Amino acid sequence: MTLTVTILGATGSIGRSTTDLLAQHPDRFRVGALVGGRDAVALAKLAREMGAQFAALADASAGPALAEALSGSGIPNGAGESAVLEAVARDADIVVAAVSGAAGLKPTHAALRLGRTVALANKESLVCAGDAFMRDAARYNAKLLPVDSEHNALAQALGNGPVSDVAKMTITASGGPFRTWTRERIAAASATEAAAHPTWSMGMKINIDSASLMNKGLELIEAHHLFALEPERLDVIVHPQSIVHGLVYWLDGAVTAGLAMPDMRVPIAHCLGLGDRLTIARGRPLDLAAAGSLTFEPADEARFPCLRIARAALADGGAAPTVMNAANEIAVAAFIRGAIRFYDIADLVERACEHFAARYRTAPADVDEALAIDAEVRAWSLEATPRMRAAG
Ligand SMILES: NC(=O)c1ccc[n+]([C@@H]2O[C@H](COP(=O)([O-])OP(=O)(O)OC[C@H]3O[C@@H](n4cnc5c(N)ncnc54)[C@H](OP(=O)(O)O)[C@@H]3O)[C@@H](O)[C@H]2O)c1
């Protein structure tokens, strides 16, 4: 049977890894809709190559450019929110949710509401509105399959074992490009240095989050929702080789772990396979003898305060993770623009969490509420950013 796969965020890093896999298995998959943000040329080229059934851009103003780039292809297309939702509504067996940031909430949730099988890369969906997403996945009989390598490894290591038999789950962090840097050196780091990830090839936003370890914080929150584990049963360990991705510690002392080369096609293939294993052409097999040694060390929350802040947001619950994520998105964009320095990211996020703490004690009831909080915190953070710059 041929499965139809729709990709939200098709032109991004996860989107490209997905289309690479789909192209390797033409008998198994056909491409449904492809959705991008604003790059009409890239989306049109991909849609033509993959024979997509529909193409949509979130940016309404890019519609004419997309229509022109697809002219003569016969591929129906559109732009703006309604076109994105139309893309989601088209028939699909699997929807890969790989938009970057809170922009991914609405289309990902729309796929859930349709009862789709969703391969979830957009961790922000669970960070910003995890209770609502998990509740609605159950309500609409949708399946959420974790694409994030750590969560995919945890799901595989967990197997059919009951979460009640789990003592704790650990996700690994490569430690990012600043793992061995002093605090002073990190403080002066540029966006280019922060984006130079040692083991993974990813989009810009997640690269910066990996350098600050905010990405690990987001992943703890994601794991909390996906596996229904309390914060006390979740932790992070630094593992620079990025080969062990997630570990499940059982009550009897046994530990099962998910290992693979750092290649996002491995967890994506696990999701797309729906229980079958897909071969990956040009994938480097894991060679433990060649790897030599696998090392582990504790995460240093003094040099990487974003991890501490994210842990606190997870422990606080309510809308704290929603607030934290919005402030972080603004801060990371400001850092990429060169408007603020590296540790200003953590400062802004922590100040936002403090500022909104009393206001948002309960978790967003639905995606609209999460997005309203997100918008308010973004506006506040944008105000705060130039002040921080002046102060610095
Ligand atoms: N990259 C990884 O290895 C990795 C691993 C685990 C999890 N993830 C997660 O996967 C998600 C995607 O990461 P990425 O690294 O693939 O990001 P990315 O390379 O920046 O790609 C983002 C994709 O989303 C599209 N997009 C942006 N705004 C949009 C909007 N409003 N509506 C629809 N599409 C929009 C972009 O299109 P344009 O380029 O046209 O704007 C692009 O196709 C993130 O949540 C990330 O945390 C990534």
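Residues numbered from 1 in each chain as written. Predicted model: local features only at pLDDT ≥ 70, side-chain atom pairs only at ≥ 80, totals over all residues. Heavy atoms only, no water.

- Under the annotation held in an unreviewed UniProt entry, the protein carries the name 1-deoxy-D-xylulose 5-phosphate reductoisomerase and is attributed to Methylobacterium trifolii.
- According to the UniProt record, the Pathway (unreviewed entry) comment for the protein is "Isoprenoid biosynthesis; isopentenyl diphosphate biosynthesis via DXP pathway; isopentenyl diphosphate from 1-deoxy-D-xylulose 5-phosphate: step 1/6." (UniProt positions renumbered as here; feature names shortened; annotations may be inferred.)

**As for the sheet that holds strand 3 (residues 54–57)**
Phase 1: Ordered by their spatial adjacency, seven strands build an open sheet running 4-3-2-1-5-6-7, and the pairing between neighbours is parallel. Looking at the sheet topology across the chains shown, the edges are occupied by strand 4 (77–79) and strand 7 (143–146). Each adjacent strand pair in this sheet contributes to an overall mean axis angle of 20 degrees, direction not counted.
Phase 2: Here strand 5 (residues 94–97) runs beside strand 6 (residues 117–120); their pairing, made up of four bridges, is parallel. In the sheet register, Ile94 faces strand 6, and the bridge partner there is Thr117. (Pairing = 2+ DSSP bridges. Helix = DSSP H or I, 4+ residues; strand = E, 2+ residues; numbered from the N terminus. Axes fitted to C-alpha atoms, helices over the stretch in contact; angles between N-to-C directions.)

**Considerations on the UniProt feature "binding site: NADPH" (unreviewed entry) in the protein**
Phase 1: Following the UniProt record, one finds the feature "binding site: NADPH" (unreviewed entry) at Thr11, Gly12, Ser13, Ile14, Gly37, Arg38, Asn122, Glu124 and Gly203.
Phase 2: Assignment of secondary structure puts Asn122 in the loop between strand 6 and helix 6 (124–139).
Phase 3: When residues no more than four places from it in sequence are discounted, the contact partners of Asn122 are Ala97, Val99, Ser100, Gly101, Gly104, Leu105 and Thr108.
Phase 4: Here the side chain of Asn122 touches Val99 through a polar contact of 2.8 Å, landing on its backbone oxygen.
Phase 5: Counting through the fold element by element, Gly203 comes out in the loop between helix 9 (191–194) and helix 10 (204–212). (Contact = heavy atoms within 4.5 Å. Polar contact = N/O pair within 3.5 Å; in protein donor to acceptor, adjacent residues only side chain to side chain.)

**Description of the domain arrangement of the protein**
Phase 1: Taken domain by domain, the protein consists of domain 1 (3–147) and domain 2 (161–261 + 291–391).
Phase 2: Both sides together, the interface formed by domain 1 and domain 2 hides about 1,800 Å², and carbon and sulfur atoms give 66% of it.
Phase 3: When the buried area of domain 1 at its contact with domain 2 is split by residue, Lys123, Val127 and Cys128 rank highest and sum to 32% of it.
Phase 4: Counting across the domain 1 and domain 2 interface gives two salt bridges.
Phase 5: The partner of Lys123 in a salt bridge is Glu219, and the shortest N-O contact between them spans 3.0 Å.
Phase 6: Across the contact surface, domain 1 and domain 2 share six residue pairs in polar contact (both at pLDDT 80 or more).
Phase 7: Residue assignment for the side of domain 1 that touches domain 2 shows that the elements contributing at least two residues are helix 5 (105–113) and helix 6.
Phase 8: Sort the elements by how many residues they give to the side of domain 1 that touches domain 2 and helix 6 lands first, with eleven residues.
Phase 9: For the side of domain 1 that touches domain 2, the class distribution of residues is eleven nonpolar, five polar and five charged. (Domains from an automatic or database assignment. Buried area = accessible area lost by both parts, 1.4 Å probe. Salt bridge = Lys/Arg side-chain N within 4 Å of Asp/Glu carboxyl O. Nonpolar A, V, L, I, M, F, W, Y, C, P; charged D, E, K, R; others polar.)

**Topic: unusual backbone geometry**
Phase 1: Phi is positive for Ser242, which is not a glycine, with a value near 50 degrees.
Phase 2: Relative to the assigned elements, Ser242 resides in the loop between strand 9 (234–238) and strand 10 (244–250).

**Let's talk about helix 1 (residues 13–24)**
Phase 1: Its twelve residues place the ends of helix 1 17 Å apart at the C-alpha level, agreeing with the 16 Å of an ideal helix rising 1.5 Å per residue.
Phase 2: For helix 1, the elements touching its buried residues are strand 1 (3–8), strand 2 (29–36), helix 2 (40–50), strand 5 and helix 12 (265–273). (Expected span 1.5 Å × (residues − 1).)

**Some details on the side chain of Lys205**
Phase 1: Among the secondary structure elements, Lys205 is positioned in helix 10.
Phase 2: Take Lys205: its relative accessible area is 14%, and that puts it in the buried class.
Phase 3: Here Lys205 is in contact with Ser100, Glu124, Leu218, Asn328, Glu329 and Val332, once residues within four sequence places are set aside. (Buried < 20%, exposed > 50% of the residue type's maximum accessible area, 1.4 Å probe, protein only.)

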